[in-house]
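# Fold and contact review
Here's the letter readout for the chains.
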Amino acid sequence: LPLLLEATLLQLVSGFRRPFYNGFYYNHIMNDKGNGQEEVDYFNGAKLVVETSKDPVYSSNGANVTLPCRYYYEPDLEFKPKIRIKWSKLRDDYTKDQDVLVAIGKTYVSFGDFQGRAHLHQTGRHEASLVVSDVRLQDDGKYRCEVIDGLEDESDVVELRLQGIVFPYQPPLGQYKLNFHEAERVCQEQGAILATFNQLFQSWSEGLDWCNAGWLADGTVQYPIRLPRKECGGVHLAPGIRTYGPRHRHLHRFDAFCFSSGLRGEVFFLDHPTGMTLEEAKQNCQNAEAEIARVGQLYSAWKFLGLDRCDAGWLADGSVRYPIVKPRANCGPAEPGVRSFGFPSKGRFGVFCYKER
């Protein structure tokens, strides 16, 4: 029986004979007269209601999170119908939803990046909550909880937000050198992903002001402005997110806005009386049983762990930066932030290392 249920679940998601957008088809039930005729499940007379959290659910990289979902009937039913549950993740570009999990009873199948990380939390009656373990950066977004009872199909949406930070990124080659796919790659190389519009907007509301346009995860190009000025759209425009709209993902070139969340380890600074070259810096991190830190890791350590160091250090991409929580004399501008010396071709500095816990 469990194998049969699992096979049924796989068929439901694969699109086999499905006339509905939600990935399920409604089985015709053989009648008990044995004459080969079929009859369909009919509406049971009760209204199915599905509810999730109206407020976003917050989590961080590497944590476990529960996305609440419950269903009930109006009026309540005395018998327990055979319920099918489907969780899916909505995509930023409004293409087909990403399958997360489908279940009938206690048998479920999870899919793609969620295999081994997603399961149902059904401790109470009419509960269909989703548990995601080892949360990843790309898990941020909106999820649909869908409940199917015969011909009834109701759903609701809940948003998972990762506590994180958006940072602008330029490669060593300089400004506006990245097409969309290259922007995706450089963010990943820095322990991050391309930011969504919601993540950029949140960072703008917290003070991010950046005049260079950068790619976002949906293929649009935008930039956040807190202080309107001539070279950033004009002085007469209100503060906000400036947008170029969708751009050609291969031909057009801009910078990138990357998103990084909490760390599973620590970032620490190593110094040497005479400083270090980049190669020496990498080796010194390895000697400390660590690795040279990435840009996203330094931003996360600054944002969430309060890393404050007025000493410039190498990072994995060949840039030299330092994080300031409490601005002070000889440590750059009067506001907190991660300062950058760019990508020096030579010079000797300290190094920021990253070590997993």
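Residues numbered from 1 in each chain as written. Predicted model: local features only at pLDDT ≥ 70, side-chain atom pairs only at ≥ 80, totals over all residues. Heavy atoms only, no water.

We count it as follows: UniProt positions are given in the numbering used here, feature names are shortened, and annotations may be inferred rather than shown by experiment.
As annotated in an unreviewed UniProt entry, the chain is HPLN3 protein from Piaya cayana. Under the Subcellular location (unreviewed entry) heading, UniProt states for the chain: "Secreted, Extracellular space, Extracellular matrix". Per UniProt, the comment on the chain under Sequence similarities (unreviewed entry) is "Belongs to the HAPLN family."

## With respect to the environment of Pro 323
The cut-off we apply is this: Secondary structure elements are taken from DSSP: a helix is a run of H or I of four residues or more, a strand is a run of E of two residues or more, and numbering for both begins at the N terminus. Think of it in three bands: residues with accessible area under 20% of the maximum for their type are buried, residues over 50% are exposed, and the middle band is partly exposed, with areas taken using a 1.4 Å probe on protein chains only. It only takes one pair of heavy atoms within 4.5 Å for two residues to be counted as in contact.
Counting through the fold element by element, Pro 323 comes out in strand E23 (residues 320–324). Exposure remark for Pro 323: the relative accessible area of 0% places this residue in the buried category. For the pair Pro 323 and Gly 306, spaced 17 residues apart in sequence, the C-alpha to C-alpha distance is 8.8 Å. Aside from chain neighbours lying at most four places away, what touches Pro 323 is Leu 298, Trp 302, Leu 307, Asp 308, Arg 309, Gly 337, Val 338 and Phe 352.

## Some thoughts on the state of the cysteines
Simply put, the disulfide is a covalent bond whose two ends are the sulfur atoms of two cysteines. Which entries qualify depends on this criterion: Criterion for a disulfide: a pair of cysteine sulfur atoms within 2.5 Å.
Evaluation of the coordinates by the stated rule reveals 5 disulfides. Here Cys 187 engages in a disulfide with Cys 258; their sulfurs sit 2.0 Å apart. The disulfide joining Cys 187 to Cys 258 has a torsion of about -80 degrees about its S-S bond and is therefore left-handed. Of this pair, Cys 187 sits in helix H2 (residues 180–189) while Cys 258 sits in strand E19 (residues 255–261), placing them 71 residues apart in sequence. With a relative accessible area of 0%, Cys 187 lands in the buried category. Disulfide partner of Cys 285: Cys 353, at an S-S distance of 2.0 Å. What sets the handedness of the Cys 285 and Cys 353 disulfide is the S-S torsion sign, and at about -80 degrees it is left-handed.

## A word on the packing of aromatic side chains
What counts, and what does not: A pair of aromatic rings is counted whenever rings of Phe, Tyr or Trp (Trp by its six-membered ring) have centres within 6.5 Å, and the orientation is called stacked for planes under 30 degrees apart, edge-to-face for over 60 and tilted otherwise.
Enumeration over the complete set of coordinates arrives at 14 aromatic pairs. On the basis of an interplanar angle of 45 degrees and a centroid distance of 5.8 Å, the ring pair of Tyr 322 and Phe 341 is categorised as tilted. Remark: Phe 341 occurs in the loop between strand E24 (337–340) and strand E25 (350–356) and Tyr 322 occurs in strand E23; sequence separation between them is 19 residues. When its relative accessible area of 9% is taken as the criterion, Tyr 322 is described as buried.

## Some remarks on the side chain of Thr 52
Looking at where Thr 52 falls in the secondary structure, it is placed in strand E3 (residues 47–52). Sequence-distant contacts of Thr 52, defined by excluding residues within four places in its chain, comprise Pro 68, Cys 69, Cys 145, Asp 156, Val 157 and Val 158.

## Digging into the layout of surface pockets
To keep things clear, this is the line we draw: Lining residues are defined by having an atom within 4 Å of a point belonging to a cavity or pocket. Those points lie on a 1 Å grid over the protein atoms alone, cavities being sets where a 1.4 Å probe fits but cannot get out and pockets being open sets with protein on both sides within 12 Å along at least five of seven lines. Grid points are joined across faces, edges and corners, and a volume is the space filled by probe spheres set on the points. Residue polarity is assigned by list, with Asp, Glu, Lys and Arg as charged and Ala, Val, Leu, Ile, Met, Phe, Trp, Tyr, Cys and Pro as nonpolar; anything else, Gly included, falls into the polar class. Annotation comment: domain bounds sourced from an automatic or database domain assignment.
If you add up the space inside the largest pocket, you get close to 790 Å³. Around the largest pocket sit 27 residues that line it, and Pro 168, Leu 208, Trp 210, Tyr 299 and Val 338 are the ones nearest its centre. Among the residues forming the lining of the largest pocket, the class breakdown is 14 nonpolar, 6 polar and 7 charged. Residue contributions to the lining of the largest pocket reach at least three from each of two domains, namely domain 2 (164–260) and domain 3 (262–356).

## Topic: the sheet that holds strand E5 (residues 65–67)
Selection criterion: Any two strands with at least two DSSP bridges between them are considered paired. Interaxial angle, 0 to 180 degrees, is taken between N-to-C directions of lines fitted to C-alpha atoms, where a helix line uses only the stretch in contact.
Read across the open sheet, the 3 strands follow the order E5-E11-E10; overall the sheet is antiparallel. Of all the strands in the sheet, the pair left with one neighbour each is E5 and strand E10 (118–121). Here the strands of the sheet are splayed against their neighbours by 30 degrees on average, with no regard to which way each runs. Looking at chain direction, E10 and strand E11 (residues 129–132) are connected through 4 bridges and run antiparallel. For Leu 120, the partnering residue across the bridge sits in E11 and is Leu 130.

## Examining unusual backbone geometry
For the peptide bond that leads from Glu 74 to Pro 75, omega is -5 degrees, which places it in the cis range. Locating Pro 75 in the fold gives a position in the loop between strand E6 (69–74) and strand E7 (84–89). Here the phi dihedral of Glu 289 falls at roughly 60 degrees; this positive angle occurs in a residue that is not glycine. With respect to the helices and strands, Glu 289 occurs in the loop between helix H4 (278–287) and strand E21 (291–292). Note on Glu 289: relative accessible area 63%, which makes it exposed.

## Quick word on the sheet that holds strand E8 (residues 98–104)
Pairing between the strands of a sheet is mediated by backbone hydrogen bonds and can be parallel or antiparallel. The mixed open sheet is built from 6 strands, whose spatial order is E4-E13-E12-E7-E8-E9. Every interior strand has two partners, whereas the edge strands, strand E4 (57–59) and strand E9 (107–110), have only one. Direction aside, neighbouring strands of the sheet carry axes that sit 20 degrees apart on average. Pairing of strand E12 (residues 141–149) with strand E13 (residues 152–162) involves 9 bridges; the strand directions are antiparallel. Bridge assignment links Glu 146 to a residue of E13, and that residue is Ser 155.

## Here's the deal with H2
How we decide: Comment: arc refers to directions from the helix axis out to C-beta atoms. For this analysis, a polar contact is any N or O atom pair within 3.5 Å, provided that within protein one partner can donate a hydrogen and the other can accept it, and provided that sequence-adjacent residues contribute only side-chain to side-chain pairs.
Inspection of H2 places Phe 180, Ala 183, Val 186 and Cys 187 among the buried residues, and these make up the whole buried set. Viewed end-on, H2 has its buried residues packed into an arc of 125 degrees, placing them on one side of the element. Residues of H2 that are buried sit in contact with strand E14 (164–169), strand E15 (193–194), strand E16 (214–215) and E19. Between the side-chain oxygen at the start of H2 and the backbone nitrogen of His 181 there is a gap of 3.1 Å, and the oxygen is on Asn 179. Just downstream of H2, Gly 191 is the residue with a positive phi angle, here 70 degrees.

## What about the pattern of salt bridges?
What counts is decided by this rule: Counted as salt bridges are all cases of a side-chain nitrogen of Lys or Arg within 4 Å of a carboxyl oxygen of Asp or Glu.
Per the stated rule, a full pass over the model turns up 17 salt bridges. Where Lys 355 meets Glu 289, a salt bridge forms, and the shortest distance between an N and an O atom there is 3.9 Å. Of this pair, Lys 355 sits in strand E25 while Glu 289 sits in the loop between H4 and E21, placing them 66 residues apart in sequence. Across the pair Asp 308 and Arg 328 runs a salt bridge, and its minimum N-O distance is 2.6 Å. Here Asp 308, found in the loop between helix H5 (295–304) and strand E22 (313–314), pairs with Arg 328, found in the loop between E23 and E24; they are 20 residues apart in sequence, far enough to count as distant. For Arg 328, a relative accessible area of 36% gives the class partly exposed.

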